[in-house]
Amino acid sequence: MKSYWLRLDSGKTAIELRDAPMPEPGAGQILVHMRAAGLNRGELIVGHSVKAGGAAKAAGAEGAGEIAKLGAGVTGFKAGERVMGRCAGSFSEYSLIDAREAVPVPKNLSWEEAACVPLAFMVVHDMLIAQGRLRAGEWLLVTGISAGVGVAALQTAKALGAKVIGTSGSAEKLEKLKAMGLDLGIRTRSGDFAEAVMKATDGRGVNLVVNNVGGSVFAETIRALAYEGRHATVGYVDGVLKSEIDIEALHTKRLTLFGVSNRLRTAEQRSVTVRGFATDILPLIASGKIRPLIDRVFPFSELPAAKAYMESNAHLGKIAVRIDG
């Protein structure tokens with residue numbers, strides 16, 4: 001069985017193809033014949049996915065395929081069924097998925113589209129619905145909106161009836177997102193957008209912020225929040241892990257700040273998000289109201305090229321890898 005692995009090479013994340021034994025599903029697990037997998041920036045960040053002095057790890061964190069075998073105690077699924085889910089080692093011909101993470105693939109999705117749903121849209125459910133409590137008519141601000149999670153947040157927020165402001169360094173990407181419902185695009189990679197946000201919202205500010213960028217724009221996102229606004233930290237691609245906090249604004253505006261990460265959550269806690277996604281967002285995908293945005297599909301043999309493409313920041317939405325085998 002062919003499988004890609006991540007390792008640290010001269011301080012950077014490298015990908016190598018290996019021969020690996022066929023995995024055997026344990027209790028509560030599903031063996032999936034992978035057909036496609038989604039590529040995510042987080043797994044390529046040194047210190048997040050791979051660590052200095054650590055062993056190589058199986059690459060990939062989400063995918064879709066056909067069930068090959070069920071582990072003991074698994075119910076509600078059958079061999080041959082199309083499923084998608086978050087899982088370790090998805091860039092492989094076969095992977096194991098915790099049955100609590102597996103979701104049936106809607107008939108209207110291709111393998112590549114299905115593979116790019118789990119991580120982005122489950123994160124979006126966590127930050128927009130479960131924690132963010134975004135409602136119709138409210139304003140959402142997404143920094144770095146052109147990445148996979150940002151685009152999924154835009155699509156879901158519009159389906160919920162919210163208005164969306166997004167920042168990006170690319171005017172071309174913002175223009176494309178306007179066709180998907182983006183109400184205001186602000187071309188910037190710096191923390192200089194609060195004034196434009198306030199103007200667009202008649203001086204009130206946004207009700208929810210999704211910060212994909214990190215500490216370099218954190219203070220500005222606080223300035224852009226409305227009374228009783230909520231702030232989700234979902235990433236820090238800028239590598240800036242510290243920022244000033246306006247304590248007075250936090251206090252007087254009664255702000256809520258929360259993180260969106262699965263790193264310390266238990267399997268059962270993660271499964272709560274899976275069930276919430278299946279209830280609130282999956283029907284919107286199945287009906288075609290939300291369609292995953294795939295920028296480019298790479299063949300399995302070209303995963304290193306897909307990694308390089310992601311690192312070039314040229315993509316809009318998600319990058320998928322087709323797995324034939």
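Residues numbered from 1 in each chain as written. Predicted model: local features only at pLDDT ≥ 70, side-chain atom pairs only at ≥ 80, totals over all residues. Heavy atoms only, no water.

Taken as a whole, this structure holds 23 salt bridges when the rule is applied. Ionic pairing is found between E268 and R275, a salt bridge with its closest N-O pair at 3.3 Å. Judged by its relative accessible area of 40%, E268 falls in the partly exposed class. Look at R275 and you get partly exposed, because its relative accessible area is 45%. In the salt-bridge network here, residues are joined through shared partners; they are D98, R100, E268 and R275. (Salt bridge = Lys/Arg side-chain N within 4 Å of Asp/Glu carboxyl O. Buried < 20%, exposed > 50% of the residue type's maximum accessible area, 1.4 Å probe, protein only.)

On to the pairing of strand β13 (residues 225-233). Pairing of strand β12 (residues 206-211) with β13, which is carried by five bridges, proceeds in the parallel orientation. For V209, the partnering residue across the bridge sits in β13 and is H231. Inspection of the sheet shows β13 paired to strand β14 (residues 256-259) by four bridges, in the parallel sense. Bridging from a neighbouring strand, T233 pairs with G259 of β14. (Pairing = 2+ DSSP bridges. Helix = DSSP H or I, 4+ residues; strand = E, 2+ residues; numbered from the N terminus.)

Think of an α-helix as 3.6 residues a turn; residues three or four steps apart then line up on the same face. In a regular helix each residue adds 1.5 Å, so twelve residues correspond to 16 Å; helix α3 (residues 148-159) covers 17 Å between its end C-alpha atoms and thus fits that length. For α3, the tally of buried residues reaches ten of twelve residues, placing the bulk of the element in the interior. Residues of α3 that are buried include every one of G148, G150, V151, A152, A153, L154, Q155, T156, A157 and A159, and no others. Considering only its buried residues, α3 is in contact with α2 (118-130), β9 (139-143), β10 (163-168), α4 (171-178), α9 (282-286) and β16 (318-322). (Expected span 1.5 Å × (residues − 1). Contact = heavy atoms within 4.5 Å.)

With phi around 55 degrees, D202 is a residue other than glycine that occupies positive phi space. Structurally, the position occupied by D202 is in the loop between α5 (194-200) and β12. Phi angles above zero are rare outside glycine, and E228 is one such case at about 60 degrees. With respect to the element layout, E228 can be found in strand β13. A relative accessible area of 40% means that E228 is categorised as partly exposed.

By secondary structure assignment, the location of G76 is in the loop between β5 (62-70) and β6 (82-86). The spacing of G76 and K289 is 213 residues in sequence and 26 Å in space, taken between C-alpha atoms.

Attention now moves to the packing of aromatic side chains. In total, this model carries two aromatic pairs according to the counting rule given. Note that R82 overlies the ring of W111, its terminal NZ or CZ placed 4.6 Å from the centroid. (Phe/Tyr/Trp six-rings, centres within 6.5 Å; stacked < 30°, edge-to-face > 60°. Lys NZ or Arg CZ within 6 Å of the ring centre and 35° of its normal.)

It is worth spelling out the state of the cysteines at this point. Counted according to the given criterion, the structure contains zero disulfides. The cysteine C87 is free of any disulfide, with C116 supplying the nearest cysteine sulfur at 13 Å. Look at C87 and you get buried, because its relative accessible area is 9%. (Disulfide = S-S within 2.5 Å.)

On to the sheet that holds strand β1 (residues 2-9). The three strands are arranged β2-β1-β4 in an open sheet whose pairing can be described as antiparallel. Since the sheet does not close on itself, it has two edges, and those belong to β2 (12-19) and β4 (57-58), each with one partner. As judged from the two bridges shared by β1 and β4, these two strands associate in the antiparallel manner. From the neighbouring strand, W5 faces β4, where its bridge partner is A58.

Another aspect to go through is the packing of α2 against α3. Between α2 and α3, whose axes approach to 9 Å, the crossing angle comes to 60 degrees. Comparing the axis directions of α2 and α3 gives the class oblique. Here α2 runs over α3; the crossing is right-handed. In contact with A120, F121, V123, V124, M127 and L128 of α2, α3 contributes G148, V149, A152, A153, Q155, T156 and A157. (Axes fitted to C-alpha atoms, helices over the stretch in contact; angles between N-to-C directions. Parallel < 35°, antiparallel > 145°, perpendicular 65-115°, else oblique. Left-handed = near helix turned anticlockwise from the far one by under 90°.)

Judged from the five bridges that link them, strand β15 (residues 294-299) and β16 form a sheet pairing that is parallel. Each residue of the ladder has a partner; that of P299, found in β16, is R322. Taking the sense of rotation as the criterion, the β-α-β connection linking β15, helix α10 (residues 303-311) and β16 turns out right-handed. (Right-handed = clockwise from strand over helix to strand, strands pointing away.)

Counting residues in hydrophobic clusters, the biggest one holds 45 residues, and the most contacted among them are M84, F121, M127, L128, L140 and F277. Among the secondary structure elements, those contributing two or more residues to this core are α1 (111-115), α2, β9, α3, α4, β12, α8 (267-280) and α9. Of the residues forming this core, the biggest block, seven residues, is contributed by α2. Those residues within four positions of M127 in sequence are excluded, and the remaining contacts are G132, V149, A153, L208, V210, A232, V234, F258 and V260. (Core = buried A, V, L, I, M, F, W, Y, C linked by side-chain atoms within 4.5 Å.)

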